[in-house]
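Analysis of the macromolecular model
The chain contents come next:
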Amino acid sequence: MPNKRIKDGDRVLPGDRLGVIEEFIPGPGTFQDQDDIIYASVTGLVRIDMSERKIHIEAITRTPIFPQRNDIIIGEVQHVGKKAVIINIFQVSGNSCPIPYSGSIYIKNAAAGYVEQMRDLFRPGDIVIARVQKQVLGMARLSTVGPRLGVIHSLCSRCGHSLIHQNRRLTCSNCGNVEQRKLSKDYGKIYELMHADKSDSPTS
Amino acid sequence: MNETDSVDKVKLFDEKGLRLDGRRVDELRPFKLEVGSLSRADGSAYIEHGRNKILAAVYGPRELHPRHRAIADRALLRVTYRMGTFSVGERKRPAPSRREHEISMVIRQALEPMLFLEMYPRAAIDVFIQVLEADGGSRCASTTVASVALANAGIPMRGLVTGVAVGKAGGKLLVDLSDLEDKVGEADVPIAMAFGRGKYTLLQMDGKLSKDELAKSLEMIEGAIEKIYEKQQHVLREGFIQIREEIGESEEPSSEDEGDGPDTEIPGADTESTESD
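What counts as what
Each chain has its residues counted from 1, running along the sequence as written. Just so you know, chain letters begin at A and ligand numbers begin at 1, following the order they were written in. Given that this is a predicted model, residues contribute local features only at a pLDDT of at least 70 and side-chain atom pairs are listed and counted only at 80 or more, while totals for whole chains, interfaces and linings are drawn from all residues. To obtain the side-chain values, all non-hydrogen atoms of the structure were used and water was disregarded. Note on conventions: DSSP H or I runs of at least 4 residues are helices, E runs of at least 2 residues are strands, and numbering of each starts at the N terminus. Each radius of gyration reported is based on C-alpha atoms, and the globular scaling rule is 2.2 Å times the count of residues to the power 0.38. Note on contacts: a residue pair is in contact if any heavy atoms of the two residues lie within 4.5 Å. Here the Shrake-Rupley method, with its probe set to 1.4 Å, supplies the accessible areas, and only the displayed protein chains count as covering residues. Asp and Glu are treated as the negative residues and Lys and Arg as the positive ones, with His and the ends of the chain left uncounted. For charged residues, the charge sits on one atom: NZ in Lys, CZ in Arg, CG in Asp, CD in Glu. Comment: axis = line fitted to C-alpha atoms, over the contacting stretch for helices; angle = value between 0 and 180 degrees taken between N-to-C directions. In these notes the angle categories are as follows: under 35 degrees is roughly parallel, over 145 is roughly antiparallel, 65 to 115 is roughly perpendicular, and the rest is oblique. Two helices cross in a left-handed way if the nearer one is turned anticlockwise from the farther one by less than a right angle. They cross in a right-handed way if the turn is clockwise. Classes in brief: Ala, Val, Leu, Ile, Met, Phe, Trp, Tyr, Cys and Pro nonpolar; Asp, Glu, Lys and Arg charged; the others, Gly included, polar. A pocket, in this scheme, is an open set of points on a 1 Å grid over the protein atoms alone with protein on both sides within 12 Å along at least 5 of 7 lines, while a cavity is a set where a 1.4 Å probe fits but cannot get out; residues line either one if an atom lies within 4 Å of a point. Grid points are joined across faces, edges and corners, and a volume is the space filled by probe spheres set on the points. Buried area: the sum, over both parts, of the accessible surface (1.4 Å probe) that disappears when the two are put together. We define a salt bridge as a contact between a side-chain nitrogen of Lys or Arg and a carboxyl oxygen of Asp or Glu at a distance within 4 Å. Polar contact is defined as a pair of N or O atoms within 3.5 Å, subject to the rule that within protein one atom must be able to donate a hydrogen and the other to accept it, and that residues adjacent in sequence are counted only when both atoms are side-chain atoms. The criterion is simple. A nonpolar core is a set of buried Ala, Val, Leu, Ile, Met, Phe, Trp, Tyr and Cys residues joined through side-chain atoms within 4.5 Å. Note on exposure labels: buried denotes an accessible area under 20% of the residue type's maximum, exposed denotes more than 50%, and partly exposed covers the range between, all computed with a 1.4 Å probe on protein chains only. The pairing criterion is simple: DSSP has to find at least two bridges between the two strands. Each residue after the first adds 1.5 Å to the expected span of a helix. Ring geometry is summarised as follows: Phe, Tyr and Trp rings, the Trp one being its six-membered ring, pair when their centres sit within 6.5 Å, and such pairs are stacked at plane angles under 30 degrees, edge-to-face over 60 and tilted between the two. We count a charge as sitting over a ring when the NZ of a lysine or the CZ of an arginine lies within 6 Å of the ring centre and within 35 degrees of the ring normal.

**Topic: the overall build of chain A**
What chain A contains, in helices and strands, is one helix and 16 strands. Relative to the globule expectation of 17 Å for 204 residues, the C-alpha radius of gyration of chain A, 21 Å, shows a markedly less compact shape. Across its three principal directions, the C-alpha atoms of chain A cover 75 × 35 × 25 Å. Of all intrachain contacts in chain A linking residues separated by at least 6 positions in sequence, the fraction that spans at least 24 positions is 50%. Carbon and sulfur atoms make up 49% of the accessible area of chain A, which totals about 10,500 Å². For chain A, the separation between the mean place of its 27 positive charges and that of its 21 negative charges on side chains is 7 Å.

**Quick notes on the packing of helix α2 (residues 98-111) of chain B against helix α3 (residues 138-152) of chain B**
All names here are of chain B. It is the contact of α2 with α3, at a shortest axis distance of 10 Å, that shows an interaxial angle of 50°. Comparing their axes, α3 and α2 come out oblique. Crossing of α2 over α3 shows right-handed handedness. Each of Arg99, Glu102, Ile103, Val106, Ile107, Ala110 and Leu111 in α2 lies in contact with α3, whose residues at this interface are Ser138, Arg139, Ser142, Thr143, Ala146, Ser147 and Leu150. Considering only residue class, the contact of α2 with α3 consists of seven nonpolar, four polar and three charged.

**Some words on the layout of surface pockets**
Residues and elements named next belong to chain B. Of the volumes computed, that of the second largest pocket is approximately 510 Å³. Lining of the second largest pocket is provided by 24 residues; of these, Arg99, Asp135, Arg139, Asp179 and Asp182 occupy positions nearest its centre. Of all elements in the fold, only α2, α3, α4 (179-184) and β8 (187-194) reach the threshold of two or more residues within the lining of the second largest pocket. Its residues assigned to classes, the lining of the second largest pocket shows seven nonpolar, six polar and eleven charged.

**Focus: the interface of chain B and chain A**
A common way to express how large an interface is: the accessible area buried when the components associate. With 41 residues of chain B at the interface, the matching set in chain A holds 34 residues. Summing both sides of the interface, chain B and chain A together bury roughly 3,200 Å²; the carbon and sulfur share of this comes to 55%. Note that Asp42(B) and Arg62(A) form a salt bridge whose closest N and O atoms lie 3.6 Å from each other. At the surface where chain B touches chain A, the tally comes to eight residue pairs in polar contact (both at pLDDT 80 or more). For the side of chain B that touches chain A, the elements supplying multiple residues, two or more each, are β3 (52-63), α3, α5 (211-250) and α6 (270-276) of chain B. At seven residues, α5(B) tops the list of elements feeding residues into the side of chain B that touches chain A. In terms of residue class, the side of chain B that touches chain A is built from 17 nonpolar, eight polar and 16 charged.

**So, the nonpolar core**
The biggest cluster of nonpolar side chains holds 76 residues, and the ones touching the most others in it are Ile105(A), Phe122(A), Ile129(B) and Leu150(B). The greatest single-element share of this core, amounting to seven residues, is contributed by α3(B). With residues near it in sequence (within four places) discarded, Leu150(B) still touches Val58(B), Leu111(B), Leu115(B), Ile125(B), Val127(B), Ile155(B) and Met157(B). If you look at the next biggest cluster of nonpolar residues, it comprises 16 residues, including Val164(B), Val166(B), Ile221(B) and Ile228(B).

**So, unusual backbone geometry**
Geometrically, the link from Gly60(B) to Pro61(B) is a cis peptide bond, its omega value of 5° lying close to zero. With respect to the helices and strands, Pro61(B) occurs in strand β3. Cis geometry is adopted by the peptide bond preceding Pro66(B), which originates at His65(B) and carries an omega value of 0°. One can find Pro66(B) in the loop between β3 and β4 (76-83). Here the phi dihedral of Asn70(A) falls at roughly 75°; this positive angle occurs in a residue that is not glycine. Positive phi outside glycine occurs at Asp176(B), with the angle close to 60°.

**Thoughts on the sheet that holds strand β14 (residues 163-166) of chain A**
All names here are of chain A. Read from one edge of the open sheet, three strands run β14-β15-β16, paired in antiparallel fashion. Edge positions in the sheet fall to β14 and β16 (178-179), since each has one partner strand and no second. In terms of strand pairing, strand β15 (residues 169-172) meets β16 through two bridges, oriented antiparallel. Across the sheet, Leu170 pairs through a bridge with Glu179, a residue of β16.

**Quick look at the sheet that holds β4(B)**
Pairing between the strands of a sheet comes from backbone hydrogen bonds, and it takes one of two forms, parallel or antiparallel. Residues and elements named next belong to chain B. Taking strand neighbours across the sheet as the criterion, the five strands line up as β1-β2-β3-β5-β4 in an open arrangement whose pairing is mixed. Two strands in the sheet have a free side with no partner beyond their single neighbour: β1 (31-35) and β4. Taken over all neighbouring pairs, the strand axes of this sheet differ in orientation by 15° on average, direction set aside. For β4 and strand β5 (residues 123-133), the ladder comprises eight bridges, and the chain directions are parallel. Residue pairing in the sheet places Thr80 in a bridge with Phe128 of β5. Helix-sheet contacts for α2 involve β4 and β5, and the interaxial angle to β4 is about 140°.

**Thoughts on α3(B)**
All names here are of chain B. Taking 1.5 Å per residue as the helical rise, α3 with its 15 residues ought to reach 21 Å, and the 21 Å between its terminal C-alpha atoms agrees with that figure. Of all 15 residues in α3, 15 are buried; the element is thus mostly enclosed. Just past α3, the residue Gly154 takes up positive phi, approximately 75°.

**Some details on the packing of aromatic side chains**
Enumeration according to the criterion identifies six aromatic pairs over all chains in this entry. Summarising the aromatic geometry, the rings of Phe31(A) and Phe116(B) are spaced 4.9 Å apart at their centres and angled 65° between planes, so their arrangement reads as edge-to-face. Of this pair, Phe31(A) sits in strand β4 (residues 30-32) while Phe116(B) sits in the loop between α2 and β5, which puts the two residues in different chains. We classify Phe31(A) as buried; its relative accessible area is 6%. Following the ring pairs from residue to residue traces out a cluster consisting of Phe31(A), Tyr39(A) and Phe116(B). Between the NZ or CZ atom of Arg158(B) and the centre of the ring of Phe116(B), over which it lies, the distance is 4.2 Å. A cation over an aromatic ring shows up here: Lys172(B) above the ring of Phe13(B), its NZ or CZ 4.4 Å from the ring centre.

Below, the structure is given as structure tokens:
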């Protein structure tokens, strides 16, 4: 259908031509090829935002679960570096993520204030809730700035028992060791956060 | 030498120049395409092309096992083409044959360039193709049906892939060879094409064709591919209406009501409502 002009609400299939690059900014479900033409990459409805000149496809098929911009993810801290931590993402917007996917939090995006080093905020094994900022090279750039974002579960680095948040301190339930984290307001509610809906157990 | 033998043995055309099944040289066999045939797969499709009956199921993107086969920057596409033991005249032995391995590979290579595999690093996308009944040109029909199943699974694609064979039998160039024409004939050229993009993704040649004949057959095939491509699009659009109706039943219509709305009054905004919960 090369001659037909695409309207908002049209049904399109993968490979359908949507317009040229001068007309729209391609969004999710679309792609631009070497020939500067925008095509659809999924089956769905065309959504055109003329005020921003953006076009995207609202998929009508199942969409593979995959962390995307502004999604809230839950993951485990895999590695803590000096300036960044690596997170293994296992839940995306309430659905368990079928693909092993990792993300990183850079020190600038970890907390609102000045942070000396990442060890003060995260430790390996912590369960973290974070927001996806963007995708870079098959990895998600995450942010934990915000009261609800941050660590929701952590273990004592000395004895391995869970840390409990009481009296504004993070204390080990076993040895009394006091630790420091970038805490989420929902610290300790890990079960509720992970099983909020139909998603199955993330640990498989 | 071979060609004269075979033509003498089997008569491939009648007096009017029509083929054994009454087709013209550039005519396709009857075909039928369905989407969403399997309920447990992420995406599925079924094709009947001539006597071919083929099911395709797509799973994924999902976690890849064994892990060491994972590719750091893109997904691994795994295509498994299998023929049922009952799919051919003589019972096929159930072990995957050399031929099945080869066909799995060529179908994978025909589909791969059309997929955005780099969107799902370290994951696997599995395509299972089960041939229930085999006629000539099953690799082409499999490519066609697999690409529909992938679209049904919502995997981002650059376009649909369509396969048809062309060949030469009884001294004539023929589109969409049947099993007999393939076996008796002089050449068989399976072709898969991303028709919308005008790109070939599979071209094999078994037998002999001259340069001119090959060029001629590529011309002949365009019409046939276009027909199947239209059917692929049609069937995906239809399946798409079904899905919309399912959504319409389960969820209340959302507030967005601007430009859309020819005949179906179903909300499209299902993703937003699930996010907010």
